[in-house]
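# Chains, contacts and geometry: an overview
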Amino acid sequence: MKKILVCRETDPRETRTPLIPDDVKKLTAMGFEITVVSGTGKKSGFDDAAYEKAGAKVVPSNEAGYKGSEIVLRIMKPASAEGLDKDTLHLSYLDPFNEKELLNDFAKRGIQAVSLEMIPRTTLAQKMDVQSSQTSLAGYVAVLNAAARLPKILPMMVTPSGTINPARVFIIGVGVAGLQAIATAKRLGARVDAFDTRPVVEEQVKSLGASFVKIDLGEMGQTDQGYAKELTPEQIAKQQEAQAKVCERSNIVITTAKVFGRKAPVLIKKDVLDRMMPGSIVVDMAVSTGGNVEGSKLFENVVTDNGVTIMSGDLLERQVPYDASKMLSGNFTAFLTHFYSKESKELDINLNDEIMRGCLLTRGGEIIHERFKESK
Ligand code: NAD
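## What to know about the overall build of the protein chain
In terms of helices and strands, the protein chain carries 11 helices and 19 strands. Against the compact-globule benchmark of 21 Å for 376 residues, the protein chain has a radius of gyration of 22 Å, which places it among compact chains. Based on the C-alpha atoms only, the size of the protein chain along its principal axes is roughly 65 × 50 × 35 Å. Sorting the 376 residues of the protein chain into buried and exposed places 53% on the buried side. As presented, the protein chain carries roughly 17,100 Å² of accessible surface, and 51% of it is formed by carbon and sulfur atoms. Here the protein chain carries 49 positive and 48 negative side-chain charges, and the mean point of each set is 3 Å from the other.

## Section: the state of the cysteines
A full pass over the atoms with the stated rule returns zero disulfides. Free cysteine: C359, not disulfide-bonded; nearest cysteine sulfur from C7 at 18 Å. Take C359: its relative accessible area is 0%, and that puts it in the buried class.

## Focus: the side chain of H369
Position of H369 among the secondary structure elements: in the segment after β19 (366-367). For H369, a relative accessible area of 10% corresponds to the buried category. At 2.9 Å, the side chain of H369 and the backbone oxygen of G358 are in polar contact. Not counting residues within four places of it along the chain, the set of residues in contact with H369 comprises M118, R357, G358, L360 and L361.

## A closer look at the packing of helix α1 (residues 21-30) against helix α10 (residues 321-338)
The N-to-C vectors of α1 and α10 enclose an angle of 10°; their axes lie 10 Å apart at closest approach. Between α1 and α10, the angle is such that the two are roughly parallel. Judged by residue contacts, D23, K26, L27 and M30 of α1 engage S329, G330, T333, L336 and T337 from α10. Residue composition of the contact of α1 with α10, grouped by class: three nonpolar, four polar and two charged.

## Some points on the environment of V282
Checked against the element boundaries, V282 lands in strand β13 (residues 281-284). Given a relative accessible area of 0%, V282 falls into the buried group. Residues V282 and G41 lie 241 residues apart in sequence; the distance between their C-alpha atoms is 32 Å. Aside from chain neighbours lying at most four places away, what touches V282 is V253, I268, L273, M276, V293, V308, T309, I310 and M311.

## Considerations on the site of the ligand
Near the ligand, the surroundings consist of 24 residues, among which R121, V176, D196, R198 and Q239 are the closest. Measuring from an oxygen atom of the ligand, one finds a side-chain N or O atom of R198 at 2.7 Å. At 2.8 Å, a side-chain N or O of Q239 approaches a nitrogen atom of the ligand. In the complex, 86% of the free accessible area of the ligand, which totals 830 Å², lies under the protein chains.

## Focus: the packing of helix α5 (residues 130-149) against helix α6 (residues 176-187)
Axes are the key here: two packed helices are described by the angle between their axes and the distance separating the axes. Where α5 contacts α6, the two axes come as close as 7 Å, and the packing angle between them is 40°. As for how α5 packs across α6, the hand of that crossing is right-handed. Residues S132, T135, S136, G139, Y140, V143 and L144 of α5 lie in contact with α6, whose contacting residues are V176, A177, Q180, A181, T184 and A185. Per-class residue counts for the contact of α5 with α6 are seven nonpolar, six polar and no charged.

## With respect to the sheet that holds strand β15 (residues 309-312)
Paired through their backbone hydrogen bonds, the strands of a sheet run either parallel or antiparallel. Strand order in this open sheet of seven strands is β11-β10-β9-β12-β13-β15-β14, and the pairing throughout is mixed. Edge positions in the open sheet fall to β11 (211-212) and β14 (301-303), since each of these has one partner strand only. Sheet topology note: the strand β9 (residues 168-172)/strand β10 (residues 191-195) ladder contains five bridges and is parallel. Residue pairing for β10: R168 is matched across the bridge by R191. Relative to β9, helix α8 (residues 233-249) is tilted by about 155°, and along the sheet it contacts β9, β10 and β12 (252-255).

## Observations concerning the pairing of β13
The side-chain alternation of β13 yields two buried faces, one formed by I281 and V283 and the other by V282 and D284. Of the pairings in the sheet, the one linking β12 to β13 comprises four bridges and is parallel in character. From the neighbouring strand, I252 faces β13, where its bridge partner is I281. The parallel pair β12 and β13 is bridged by helix α9 (residues 270-275), and the resulting crossover is right-handed. Relative to β15, β13 runs parallel, the two sharing four bridges. What sits directly across from D284, in β15, is S312.

About the cut-offs
Residues numbered from 1 in each chain as written. Predicted model: local features only at pLDDT ≥ 70, side-chain atom pairs only at ≥ 80, totals over all residues. Heavy atoms only, no water. Helix = DSSP H or I, 4+ residues; strand = E, 2+ residues; numbered from the N terminus. Rg over C-alpha atoms; globule rule 2.2 N^0.38 Å. Buried < 20%, exposed > 50% of the residue type's maximum accessible area, 1.4 Å probe, protein only. Areas by Shrake-Rupley, 256 points an atom, 1.4 Å probe, with all protein chains shown as cover. Lys, Arg positive; Asp, Glu negative; His and termini not counted. Charge placed at Lys NZ, Arg CZ, Asp CG, Glu CD. Disulfide = S-S within 2.5 Å. Polar contact = N/O pair within 3.5 Å; in protein donor to acceptor, adjacent residues only side chain to side chain. Contact = heavy atoms within 4.5 Å. Axes fitted to C-alpha atoms, helices over the stretch in contact; angles between N-to-C directions. Parallel < 35°, antiparallel > 145°, perpendicular 65-115°, else oblique. Nonpolar A, V, L, I, M, F, W, Y, C, P; charged D, E, K, R; others polar. Near = heavy atom within 4 Å. Left-handed = near helix turned anticlockwise from the far one by under 90°. Pairing = 2+ DSSP bridges. Right-handed = clockwise from strand over helix to strand, strands pointing away.

Structure follows, in structure tokens:
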């Protein structure tokens, strides 16, 4: 396998490309043959000429590129696997917990589908981890979006005309996005509080100069992949209550609390939003998986009756497409390099490799991944 197609994303809101010209050059030198769909890098700052100069062939459409391609790179899940050659290795987000039909379609057509969200969170796979590379940028953008809309500045200012107190920012969920949000809010001069159900996070929060909000919810913790364990309804209710006071005094609240493969917990309900200061901003970064904030809407801002703005925090990395594409491209390149055979100078799908076993969902006409087999 050495013929790679780099697709152009079909959602008009998408701004990123899966592969940037620098990595085309790198992979071409290794022996891969790369075709890119015209316009793939247009919104992230890379024109067709840059891809051609790096050694890629340009075709007018995704469909025009499918025939003869052995490896297909794209970002978001496609509507179907139609048009792909049998045995193609297809890499993209697949949303596998919610997309049974799509998985069946990939299996039925004999495609080898890799789900980017299923790449294991191991040290070896860290370079390929698109979740981390993209959500860290999203955490940064969340703070900037909130700050731009807040009717107040973030840093403290002492002037002859008076003293301005720093804004208060509360981050709920301190994973990859939350850590970056804390760091960004601190750099802008805000006073930051944070909470996470994984106790190991307290030290990380403190090392960034923020305060950790202590809430005793009893048995909490994390999975061996570093993800939070799901809370019971009683624990969630206790958390909502304990957090309410911190929300009320905060100018910005950013929620990032997700539970892998499950619906996100609702952590801020309407009664708390009602008690927040007018003009405050809440960014819900879990909005695509059900939302942490009551009333949040995907890709929309909602203003409550008392003047609190709830901002959609999904896919914020699309606002910084140059860097987001660079990081994604690095993730795809690391994946291809990991499975590259020096002897054959092409990609070798090795199912003895735990990374491949973790993320390859369909092969040989079947769903092969243990976790999704029952999807059929
Ligand atoms: P995530 O997006 O699944 O969740 C975001 C955060 O929300 C997590 O920190 C989680 O603990 C927290 N959360 C869940 N329920 C909550 C609740 N009710 N209240 C408050 N917070 C809640 O997680 P993520 O950001 O993708 O990563 C989580 C952790 O995984 C990271 O901090 C890191 O330690 C680890 N990780 C490891 C690797 C690696 O080893 N390759 C890569 C990336 C992340």
